[in-house]
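# Observations on the three-dimensional arrangement
Residues per chain, in single letters:
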Amino acid sequence: MYDVSTWAIIVFTSFVAFVLWMSYYFARRTKTAKGYFAAGGNIHWSVNGIAFAGDYLSAASFLGICGMIATYGYDGFLYSIGYLAGWIVALFVVAEPMKRLGKFTFTDALDSKFNSKGIQLTAALSTLVVSIFYLIPQMVGAGTLVTPLLGLSHTTGVVMVGTLVIIIVATAGMASTTYVQFLKGGLLIIFSIALVIVTLYNGLSTNPNASQHDPYHQFKTLAVDMSSGKPVPADKSYTFVSTTEAAKGLTFAKLSSQGTETWWHSTKDANGLDVLTEAYWVTNLVIPVKDSKGNLVSTLYNGIPITDSKPLQAGHIKDLKFKDQSVAELRNVSIPQFLRGIKESTIIRFLSKPVKDGDNKVTVYYQKATPGREILTPGLKFKVDAAKGATFMDKLNFASLMLALFLGTAALPHILIRYYTVATPSAARKSTIVAIAAIGFFYILTLFMGLGAMVNGVVDLTDNNMSAPLLAKSFGITLFAVISAIAFATVLGTVSGLIVAASGAVAHDLMDRFFGMKLTDHNKVRAGKVAAIVVGIMAMFLGVMFKGMNVSYLVGWAFAVAASANLPAIIMLLFWKGTTSKGIAASIVTGIVSSVGMILLSPDMFEKYGLLRSSAPIALDNPGIISIPLSFLVLVIVSLSTKKKAEQTPAKEMEFAAAN
Amino acid sequence: MGHGPSSDWSFDRASSFKTRVGIWMFLLYAIIYAGFIIVNTFDPQIMGSDIGGYNLAILYGFGLIVFALMLAFVYNATCTAAEEELNGPTPDLIKEEEETD
């Protein structure tokens, strides 16, 4: 697989060790101060703002978005736009009124008004479900990171992060302090700027330097004779073996040359002539074979056991044009020149399709020449253009994703908490604005990192999550090791925060309050730690299960669940006097059940189960556009039908507070 | 995990004004964001049209990010001004209630 560099391992482990030490040091210190939140009160708003960014820019942003841009162009950038827009809802609508309720968290704020068992139970469950959904992509990201860096398998990476985090949470308590998040957030932005500068300096070329050691693979195109109905190569060193129709209009051919079989895509070139273009392929064997060290392996890369093979990295510019002139390379470009170069050129992306080859499953990664114009407009992942066959459901899926991204941020329990770590309202506001500036700036950078990866031959075709770190690797091992270490530390921080939130929901909200178990402080902490271990182990299993899925795509689901379960409750509690406790509880349950249910029945999940996409009962991959309004509707209907109980309404109390 | 209020806001006479400003700014942004979704859904070809060296998709996307930041600055300035005018430049707002447990 990937070549492992000792220097990279040293840089990586020392950075991670430093972050762990820092977490531990500050966690000890916050114990002596008056708890975590009070200690936050001393933090300057600018530091807190960058810490916000460190918290928010998790694996989804750096790994997931860049990976998706590297594969689908602009459609990945939609996540950047949506994630940032979500802060508008958090800042303008939710944060200040929530803060005025005088509570830190979603559960506390809801419950302080009603003291209802139903709310305690549903809000705790919602925190658990959202945390777990958010944990999946972080674990997948962690597994992805260690593969090229330390040469470990995905599963080892997931288990490593899970174990480290469980140790942190079980010994030090709240590990991620504001200072650690500040350091990580700041470094992530600085090194991303560095990566973008190097990418622009390196410019665009039809022959990318994917690795400092190995030249980029030159993909062959063979002229073929189709007179027999089969693509017979004109080059006699290749002999035709077979063709496979993978889908309508998509045919792969298998050729043999000097005893080696290779896969090709049967297509037409720019002049309309029949050709075969070289493909990469991964074989899943029914009967394992031995690799060079005698170990049994069941996966082959381009016919070579995975353990002996190089990773499948590819993607390049086929026809580089600038101002309508064909050029071989453009070096040291500006941002407008970079975008213009991409827009006018034709870029080779790789699409994949699984086919049967005897008893074995072969996934063929074939070249797809894509005009730069299409790469810089939406539509390569989320179909929107009816002229290109987009159906109503495709459009609904797109709108649904954008809605969930917009409304999800303000409904994430661990993001809401961050708003309360500074002393004054104006400092809280200013730190949010620093956060928006830092996060927005970073998201603009994602476009250049993603596109840079796309055209520089670095995208790992089997897992696009590593695109940005691998782009860094093509420029130098130190940059790669540092960026990977920052990303890994970010995953550690986010995962420990989420596990603390989930274990708190179990120990504090469920056991202590809902079940009235009246735990002593000591037992509550112990219950929390046991819950943290259980949640951590669950997260590890899920992280292994979802290997290879884009991290940001998975976070899109977490946003949909959060927006459906929590946002209607928060908004209506703040702005509608008629809201009742039963209405809130019903809306949370509706939100969780409808969004999670629709995700489990979606075509994407059916693919994960090994079934056909078309057999999924719901044709929508993103549930938000149905589950969010449904949750609002249920809240209103249930509140209206239970209104007689004359509960103290939150809106009245707020007016009272404002009048004083 | 118990804790007290994050800060003392009962002195803030600007709160209802700030809530109104927040909601209006949210609506303004939501309309522009919705416009992005609507153009993409109903007439995606427009997104590919050239504007200078860029296309509309890139400019609209960057625009949404930059506009969010601009609105945040305006919101902060408006809120700070309202707090100073309605509450006076007293240090009331800076009073921090300590965590209770």
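Residues numbered from 1 in each chain as written. Chains lettered and ligands numbered in written order. Predicted model: local features only at pLDDT ≥ 70, side-chain atom pairs only at ≥ 80, totals over all residues. Heavy atoms only, no water.

### Remarks on the pattern of salt bridges
All names here are of chain A.
- Summed over the entire model, instances satisfying the criterion amount to 12 salt bridges over all chains.
- Residue glutamate 344 is joined to arginine 340 by a salt bridge in which the shortest nitrogen-to-oxygen separation is 2.9 Å. Taken together, the residues glutamate 344 and arginine 340, both in helix 10 (residues 335-344) and 4 residues apart, mark about one turn of the helix.
- Residue glutamate 344 is classed as buried on the basis of its relative accessible area of 18%.
- Here glutamate 607 ties to arginine 613 by a salt bridge, and the two come within 2.8 Å at their closest N and O atoms.
- On the basis of relative accessible area, glutamate 607 is assigned to the partly exposed category, the value being 45%.
- What makes arginine 613 partly exposed here is its relative accessible area of 36%.
- Through salt bridges that share partners, Asp604, Glu607, Arg613 and Asp621 make up one connected network. (Salt bridge = Lys/Arg side-chain N within 4 Å of Asp/Glu carboxyl O. Helix = DSSP H or I, 4+ residues; strand = E, 2+ residues; numbered from the N terminus. Buried < 20%, exposed > 50% of the residue type's maximum accessible area, 1.4 Å probe, protein only.)

### Here's the deal with helix 5 (residues 74-100) of chain A
Residues and elements named next belong to chain A.
- With 27 residues, helix 5 extends 39 Å from end C-alpha to end C-alpha; this agrees with the ideal 39 Å at 1.5 Å per step.
- The sharpest bend along helix 5 comes to roughly 45°, located at valine 94, with the proline proline 97 sitting one to four residues further on.
- When you tally the buried positions in helix 5, you get 27 out of 27 residues, the bulk of the element. (Expected span 1.5 Å × (residues − 1). Bend = angle between axes of the 7 residues up to and from the residue.)

### Topic: a nonpolar patch on the surface
- Taken together, the side chains of Leu600, Leu601, Tyr609 and Leu611 of chain A make up a nonpolar region of the molecular surface, amounting to roughly 350 Å² of accessible area.
- Following the sequence through the fold, leucine 600 of chain A ends up in helix 20 (residues 581-600). (Patch = residues over 30% accessible without salt bridge, like charges linked within 9 Å, V, L, I, M, F, W, Y side chains within 5 Å. Areas by Shrake-Rupley, 256 points an atom, 1.4 Å probe, with all protein chains shown as cover.)

### Brief notes about the pairing of strand 11 (residues 313-319) of chain A
Residues and elements named next belong to chain A.
- Burial analysis of strand 11 places 5 of its 7 residues in the buried class, the great majority of the element.
- Bridge analysis of strand 11 against strand 17 (residues 456-460) gives 3 bridges, and the strand direction is antiparallel. Bridged to glutamine 313 within strand 17 is aspartate 460. (Pairing = 2+ DSSP bridges.)

### Structural notes on unusual backbone geometry
Residues and elements named next belong to chain A.
- For glutamine 258, which is not glycine, the phi torsion reads 50° and is therefore positive.
- Mapping glutamine 258 onto the fold places it in the loop between strand 5 (250-257) and strand 6 (260-268).
- Within the chain, aspartate 324 stands out as a residue other than glycine whose phi angle is a positive 65°.

### Observations concerning helix 7 (residues 117-150) of chain A
All names here are of chain A.
- In this model, helix 7 (34 residues) spans 48 Å end to end at C-alpha, consistent with the 50 Å of a helix rising 1.5 Å per residue.
- Taking burial as the measure, the 34 residues of helix 7 include 29 buried ones, the bulk of the element.
- With its phi angle positive at about 70°, glycine 151 sits one or two positions after the end of helix 7.

### Overview of the side chain of threonine 41 of chain B
- Mapped onto the fold, threonine 41 of chain B is located in helix 1 (residues 15-42).
- Here the side chain of threonine 41 of chain B touches isoleucine 37 of chain B through a polar contact of 2.3 Å, landing on its backbone oxygen.
- Once residues within four sequence positions are removed from consideration, threonine 41 of chain B is found in contact with Val384, Lys395 and Phe398 of chain A. (Polar contact = N/O pair within 3.5 Å; in protein donor to acceptor, adjacent residues only side chain to side chain. Contact = heavy atoms within 4.5 Å.)

### Let's talk about the nonpolar core
- Formed by 190 residues in total, the largest nonpolar core has its most connected members in Tyr83, Tyr443 and Leu451 of chain A together with Tyr33 of chain B.
- When residues of this core are sorted by domain, at least three fall in each of domain 1 (6-203 + 395-659) and domain 2 (214-391) of chain A.
- Leaving out residues up to four positions away in the same chain, tyrosine 83 of chain A has contacts with Tyr56, Ala60, Ser61, Ile65, Leu405, Thr409, Tyr443, Ser552, Val555, Gly556 and Phe559 of chain A.
- Within the second largest apolar cluster, 11 residues are counted, among which are Val282, Leu312, Phe350 and Leu461 of chain A. (Core = buried A, V, L, I, M, F, W, Y, C linked by side-chain atoms within 4.5 Å. Domains from an automatic or database assignment.)

### Brief notes about the packing of helix 12 (residues 392-408) of chain A against helix 1 of chain B
- Remark: helix 12 of chain A packs on helix 1 of chain B, axes separated minimally by 10 Å, with the N-to-C direction vectors making an angle of 160°. Here helix 12 of chain A lies roughly antiparallel to helix 1 of chain B, going by the angle between them. Handedness of the helix 12 of chain A/helix 1 of chain B crossing: right-handed. Side by side, helix 12 of chain A and helix 1 of chain B meet where Lys395, Phe398, Ala399, Met402, Leu405 and Phe406 of chain A of the first sit next to Phe26, Tyr29, Ala30, Tyr33, Phe36, Ile37, Asn40, Thr41 and Phe42 of chain B of the second.
- Looking at the contact of helix 12 of chain A with helix 1 of chain B residue by residue, the classes come out as 12 nonpolar, 2 polar and 1 charged. (Axes fitted to C-alpha atoms, helices over the stretch in contact; angles between N-to-C directions. Parallel < 35°, antiparallel > 145°, perpendicular 65-115°, else oblique. Left-handed = near helix turned anticlockwise from the far one by under 90°. Nonpolar A, V, L, I, M, F, W, Y, C, P; charged D, E, K, R; others polar.)

### A short note on the sheet that holds strand 2 (residues 221-225) of chain A
Residues and elements named next belong to chain A.
- A sheet is described by the order of its strands in space; here 6 strands give the open sequence 3-2-7-6-5-4, paired in antiparallel fashion. Edge strands, defined here as strands with exactly one partner in the open sheet, are strand 3 (232-233) and strand 4 (239-247).
- Summarising the sheet, strand 5 and strand 6 pair through 7 bridges and their orientation is antiparallel. Each residue of the ladder has a partner; that of threonine 251, found in strand 6, is serine 266.

### Quick notes on the packing of aromatic side chains
- The final tally for this structure, using the stated rule, is 31 aromatic pairs over all chains.
- For the ring pair phenylalanine 448 of chain A and phenylalanine 62 of chain B, a centre distance of 6.4 Å and an interplane angle of 45° mean the geometry is tilted. Note that phenylalanine 448 of chain A is positioned in helix 14 (residues 425-455) and phenylalanine 62 of chain B in helix 3 (residues 56-87), a pairing that runs across two chains. An identical accessibility class is assigned to phenylalanine 448 of chain A and phenylalanine 62 of chain B; each is buried.
- Ring-pair connections join several aromatic residues into one group, and the members of that group are Tyr56, Phe62, Tyr79, Tyr83, Trp87, Tyr134, Phe382, Phe442, Tyr443 and Phe559 of chain A.
- The ring of phenylalanine 382 of chain A carries the charged tip of lysine 381 of chain A above its face, separated from the ring centre by 5.9 Å.
- Over the ring of tyrosine 553 of chain A we find lysine 381 of chain A; its NZ or CZ atom is 4.6 Å from the centre of that ring. (Phe/Tyr/Trp six-rings, centres within 6.5 Å; stacked < 30°, edge-to-face > 60°. Lys NZ or Arg CZ within 6 Å of the ring centre and 35° of its normal.)

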